[in-house]
Amino acid sequence: MDLRNLPTINALSDAVTVCEYNGVKIIRVIHNTVEAGISLHGGHLIWFKPANQDDVIWLSEEAIIDPTKAIRGGIPVCWPWFGKAGTPSHGFARNSQWAIKEHRENETGVIVALSLQDSDATREIWPHKFELTITFELGESLKVSLTSTNTDDHAWSYGGALHTYFDIADITKAHLTGMGAPYIDGVQGGVQAEGGNALLITQEVDRVYTAPEAIIAIHDTPRQRQILVENQGHNAAVIWNPWQALCENMADMATNSFETMVCVESTIHGEGVTLAPNESHTLSTTVSLAAE
Ligand SMILES: O=P(O)(O)OC[C@H]1O[C@H](O)[C@H](O)[C@@H](O)[C@@H]1O
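Residues numbered from 1 in each chain as written. Predicted model: local features only at pLDDT ≥ 70, side-chain atom pairs only at ≥ 80, totals over all residues. Heavy atoms only, no water.

A. Spatial organisation of the overall build of the chain. Regarding its fold elements, the chain presents two helices and 21 strands. Radius of gyration (C-alpha) of the chain: 18 Å, near the 19 Å computed for a compact globule of 292 residues. By its C-alpha atoms, the chain is 45 × 45 × 35 Å across when sized along the principal axes. Of all 292 residues assigned to the chain, the portion counted as buried reaches 52%. Counting only contacts in the chain whose residues sit at least 6 apart along the sequence, the fraction spanning at least 24 positions is 63%. Carbon and sulfur atoms make up 45% of the accessible area of the chain, which totals about 12400 Å². In the chain, which carries 17 positive and 36 negative side-chain charges, the distance between the mean positions of the two groups comes to 3 Å. (Helix = DSSP H or I, 4+ residues; strand = E, 2+ residues; numbered from the N terminus. Rg over C-alpha atoms; globule rule 2.2 N^0.38 Å. Buried < 20%, exposed > 50% of the residue type's maximum accessible area, 1.4 Å probe, protein only. Contact = heavy atoms within 4.5 Å. Areas by Shrake-Rupley, 256 points an atom, 1.4 Å probe, with all protein chains shown as cover. Lys, Arg positive; Asp, Glu negative; His and termini not counted. Charge placed at Lys NZ, Arg CZ, Asp CG, Glu CD.)

B. Region of the structure containing the confidence of the model for the chain. Overall, the prediction assigns the chain a mean pLDDT of 97, with 100% of residues at 70 or greater. Prediction confidence for the complex, expressed as pTM and ipTM, is 0.98 and 0.98 respectively. (pLDDT = per-residue confidence, 0-100.)

C. Seen up close, unusual backbone geometry. The amide bond that connects Trp-79 to the next residue, Pro-80, takes the cis arrangement and shows omega of 5°. Checked against the element boundaries, Pro-80 lands in the loop between strand S6 (77-78) and strand S7 (99-106). Cis geometry marks the peptide bond from Thr-87 to Pro-88; its omega dihedral reads 5°. The phi torsion at Asn-52 lies on the positive side, around 65°, for a residue other than glycine. Topologically, Asn-52 is positioned in the loop between strand S5 (44-50) and S6. One non-glycine residue with positive phi stands out, namely His-90, at about 65°. With relative accessibility at 11%, the residue His-90 sits in the buried group.

D. Looking closely at the site of the ligand. The immediate surroundings of the ligand are formed by Arg-72, Phe-82, Ser-89, His-90, Arg-94, His-163, Asp-206, Val-238, Trp-240 and Glu-265. One of the side-chain nitrogen or oxygen atoms of Arg-72 is found 3.0 Å away from an oxygen atom of the ligand. Between the ligand and the protein, one listed contact pairs an oxygen atom with a side-chain N or O atom of His-163 at 2.7 Å. Across the complex, the protein chains shield 75% of the 390 Å² of accessible surface that the ligand would expose by itself. For the shell around the ligand, the per-class residue count stands at three nonpolar, three polar and four charged. (Near = heavy atom within 4 Å. Polar contact = N/O pair within 3.5 Å; in protein donor to acceptor, adjacent residues only side chain to side chain. Nonpolar A, V, L, I, M, F, W, Y, C, P; charged D, E, K, R; others polar.)

E. Structural view of the sheet that holds strand S19 (residues 236-241). Here we have seven strands laid out as an open sheet, ordered S6-S11-S20-S19-S16-S13-S14, and antiparallel in their pairing. The open sheet has two edge strands with one neighbour each: S6 and strand S14 (191-194). In this structure, strand S13 (residues 182-185) lies alongside S14, joined through four bridges in antiparallel fashion. Bridge pairing in S14 links Pro-182 to Glu-194. (Pairing = 2+ DSSP bridges.)

Next comes the structure, spelled out in structure tokens:
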């Protein structure tokens with residue numbers, strides 16, 4: 001699955017082209033500062049590689065890319081709820097077809113924005129009118145902003161996440177800092193727990209950290225880099241690594257692929273954000289690199 005070298009079907013600008021894989025259109029960005037790919041299915045960033053750096057975003061080598069499945073890896077857009085708060089799990093946005101709203105570029109990078117509106121299909125799952133815009137600011141760093149607007153005549157609430165999968169050299173040689181102490185432990189059935197300053201992942205981890213610091217750092221030590229994650233508009237940070245046994249049972253993850261990924265998710269957890277008609281709210285994540 002060589003997604004990065006697919007033939008161009010449409011050139012939108014010097015840096016932005018459209019290609020297609022298995023019925024899924026992918027916006028491909030090739031710029032002096034960055035290479036990136038964004039699937040219109042899901043409004044889903046699937047690769048991001050600043051110039052002269054290793055990949056920052058992880059995509060499963062067994063990801064199923066077709067117009068009916070959520071893609072394993074990248075940045076799934078979980079909306080209008082997180083996890084099993086509704087059906088389907090993580091909402092419908094990651095399985096919806098988004099449209100290109102705009103693209104711009106200058107010498108520092110490229111901006112691509114996509115949009116999604118309610119339809120008969122979405123209102124059957126969730127009975128509200130909405131407009132979503134997701135904006136990808138691509139350059140030396142990455143900023144993803146998801147703006148939700150209530151276009152209905154009544155208030156509604158939403159939750160969800162920018163469920164980023166990060167590419168790391170080796171989970172056994174990496175650790176995370178900045179998650180804050182309190183968390184809800186999904187592996188232990190949702191019990192409240194307290195963690196320390198550093199998290200070394202040695203088994204399945206599925207935690208909702210409810211008081212994260214401004215920046216969460218993934219110390220990708222073998223690559224001598226830190227991946228810095230700064231979230232806004234969130235109320236929690238979810239940290240997830242499925243470890244080996246869960247990977248064995250997932251059709252779209254290779255057995256040992258948990259070794260090279262960790263999710264740090266900008267999350268709206270619990271009751272969610274309530275929007276009155278015409279109100280908007282933005283959930284974002286900014287990802288940058290620093291030397292370890
Ligand atoms: O398999 P998915 O529906 O994509 O969910 C993948 C994971 O997402 C989040 O990190 C949740 O906290 C996990 O409980 C879940 O397993």
